[in-house]
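Survey of secondary and tertiary structure
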Amino acid sequence: MPVITTIDDLKRIYERRVPRMFYDYCESGSWTEQTFRDNSSDFDDIRLRQRVAVDMSGRSTKSQMIGQDVAMPVALAPVGLTGMQHADGEMKAARAAEKFGVPFTLSTMSINSIEDVAGFTDAPFWFQLYTMKDQDYVARLIQRAKDANCAALVITLDLQILGQRHKDLKNGLSAPPKLTAKTIANLATKWAWGIEMLSAKRREFGNIVGHVDGISDASSLGAWTAEQFDPTLDWSKVAKLKEQWGSKVILKGILDADDAKMALKVGADAIVVSNHGGRQLDGALSSIRALPSILDAVGDQVEVHLDSGIRSGQDVLKALAMGAKGTYIGRAFVYGLGAMGQQGVTEALNVIHKELDTTMALCGETNVANLGQHNLLVPEGFEGRWQ
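Notes on the structure follow.

Rules behind the numbers
Residues numbered from 1 in each chain as written. Predicted model: local features only at pLDDT ≥ 70, side-chain atom pairs only at ≥ 80, totals over all residues. Heavy atoms only, no water. Buried < 20%, exposed > 50% of the residue type's maximum accessible area, 1.4 Å probe, protein only. Helix = DSSP H or I, 4+ residues; strand = E, 2+ residues; numbered from the N terminus. Pairing = 2+ DSSP bridges. Right-handed = clockwise from strand over helix to strand, strands pointing away. Polar contact = N/O pair within 3.5 Å; in protein donor to acceptor, adjacent residues only side chain to side chain. Contact = heavy atoms within 4.5 Å. Axes fitted to C-alpha atoms, helices over the stretch in contact; angles between N-to-C directions. Expected span 1.5 Å × (residues − 1). Arc of directions from axis to C-beta. Parallel < 35°, antiparallel > 145°, perpendicular 65-115°, else oblique. Left-handed = near helix turned anticlockwise from the far one by under 90°. Nonpolar A, V, L, I, M, F, W, Y, C, P; charged D, E, K, R; others polar.

By the alternation rule, side chains of strand S6 (residues 126-129) split into Trp126 and Gln128 and Phe127 and Leu129, which are all buried. For strand S5 (residues 105-106) and S6, the ladder comprises 2 bridges, and the chain directions are parallel. Each bridged residue has a counterpart across the sheet, and for threonine 105 the counterpart in S6 is tryptophan 126. Note that the unit made of S5, helix H6 (residues 114-120) and S6 has a crossover that is right-handed. Pairing geometry for S6 and strand S7 (residues 152-156), over 4 bridges, is parallel. Its bridge partner being in S7, leucine 129 is matched across the sheet by isoleucine 155. Viewed along the sheet, the connection from S6 through helix H7 (residues 135-147) into S7 turns out right-handed.

Below is the structure:
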């Protein structure tokens, strides 16, 4: 067992172990990848205030996200194709999250199905919904999430049209991988991954295959999904989806103060400041730079979470101190999953928790609820001066 002290340690193992197309799917953004890079690097511009001679005993990172008790205000974000990063990836990530005491969010584009994850875990998980043109399929998908006792519906708003990700196109990304000369050569070097995948419960999109007429293989699935993302999604449709769900709704993909106000009007229980990990609108602001204006717009009228760019417990602390009530990790847990399966996800959570706890103490705080702007040194003009 290697000594894991940072998320980057897991990333190095992950890159060696997982086929290139799935590594590139995780570790890339759209177009020039400017926003993908900024999501992480912009955290570096924020400094921390060290405080001393403070009683650091009795620390607690426990909190709540949408009324749910959490061991720390960090959820596993919805990530498509997670079951291609490691055999039964969604099931194993969900179990790791459950044991640690943080929420797990299952993607519509997961390999393991809603029912697979529900049968593998005891704690209610969250389900992320992509709105599709096939309204009957969407209605049945929502009902399946209800039947699985999912605790929240996370509606992604920023993928009505797919942002171009150059690496995915050049790699011929598919699940399972298409056996070309290039992929066969790469898969031959990933034999441990391949052996595990032979025993996987699924190797295709479990929430779609078998639930849509005419979808029987990767080629028919690819054609269907390429045409199905709903470009007509608007706030009236969001309101209808919320009504259809009838329970807690989180709206993901908010990056503008005006959109945050609209999310408030439709009655969201929480909003997620997110740019889809830099995989949609390249050139958009990083999530951490967009956060202050959104908080100014909605105040404490709705719970504000942050996603995109978090790679450490210090990033989590900075987001919380800026005013977010919760955070999400996507790539950080995928690195762990691809590196070591369920144990790797646990390692990722342990790393982030230790960094959060230690940094909180050195900032003179003993409870995440007390974190605030007073713990930070934010450079003048951090949000930018834009016309």
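Back to the write-up after that little detour.
Quick look at the side chain of aspartate 9 now. In this structure, aspartate 9 sits in helix H1 (residues 7-17). Among the polar contacts listed, one links the side chain of aspartate 9 to the side chain of arginine 12, at a separation of 2.4 Å. What aspartate 9 contacts, discounting residues up to four positions off in sequence, is Val3 and Ile4.

Attention shifts here to the sheet that holds S5. If you walk across this open sheet you meet the 8 strands as S4-S11-S10-S9-S8-S7-S6-S5, and the pairing is parallel. Looking at which strands have only one partner, the edges of the open sheet turn out to be strand S4 (74-76) and S5. Sheet analysis places S4 next to strand S11 (residues 326-329), joined by 3 bridges and oriented parallel. Across the sheet, the residue bridging to valine 74 is threonine 327, located in S11. Strand contacts of helix H15 (residues 313-322): S4, strand S10 (303-306) and S11, with the helix running at about 150 degrees to S11, the strand carrying the most contacts.

Across its 12 residues, helix H5 (residues 89-100) extends 16 Å between first and last C-alpha, which sits within 8% of the 16 Å expected from 1.5 Å per residue. On its buried face, H5 is in contact with S4, helix H4 (82-85), S5, H6, helix H16 (331-340) and helix H17 (342-362).

This part is about H7. With 13 residues, H7 extends 18 Å from end C-alpha to end C-alpha; this agrees with the ideal 18 Å at 1.5 Å per step. Taken together, the buried positions of H7 are Tyr137, Val138, Leu141, Ile142, Arg144 and Ala145. Projected down its long axis, H7 shows its buried positions confined to an angular sector of 160 degrees, all on one face. Residues of H7 that are exposed and angled more than 90 degrees away from the buried face: Gln135 and Asp147. N-capping of H7 is provided by aspartate 134, with a side-chain oxygen placed 3.2 Å from the backbone N of aspartate 136. Trailing H7 by a residue or two, asparagine 149 shows a phi angle of about 65 degrees, which is positive.

On to the environment of methionine 72. Within the secondary structure, methionine 72 is located in the loop between strand S3 (68-70) and S4. On the basis of relative accessible area, methionine 72 is assigned to the buried category, the value being 0%. What methionine 72 contacts, discounting residues up to four positions off in sequence, is Thr61, Phe100, Val102, Leu349, Ile352, His353 and Leu356.

One way to put it is that H1 packs onto H16 with a least axis distance of 7 Å and a crossing angle of 50 degrees. For the element pair H1 / H16, the angle class is oblique. Crossing of H1 against H16: the hand is left-handed. Counting all contacts with H1, which are made through Ile7, Leu10, Lys11, Ile13, Tyr14 and Arg17, the residues of H16 involved are Ala332, Val334, Tyr335, Gly336, Gly338, Ala339 and Met340. Tallied by class, the residues present in the contact of H1 with H16 amount to 9 nonpolar, 2 polar and 2 charged.

Counting buried positions along strand S8 (residues 249-254) yields 6 of 6 residues, so the element is predominantly enclosed. Inspection of the sheet shows S7 paired to S8 by 4 bridges, in the parallel sense. By the bridge assignment for S8, leucine 153 is matched with valine 249. Bridge analysis of S8 against strand S9 (residues 270-273) gives 4 bridges, and the strand direction is parallel. Pairing of lysine 252 across the sheet is with valine 272, part of S9.

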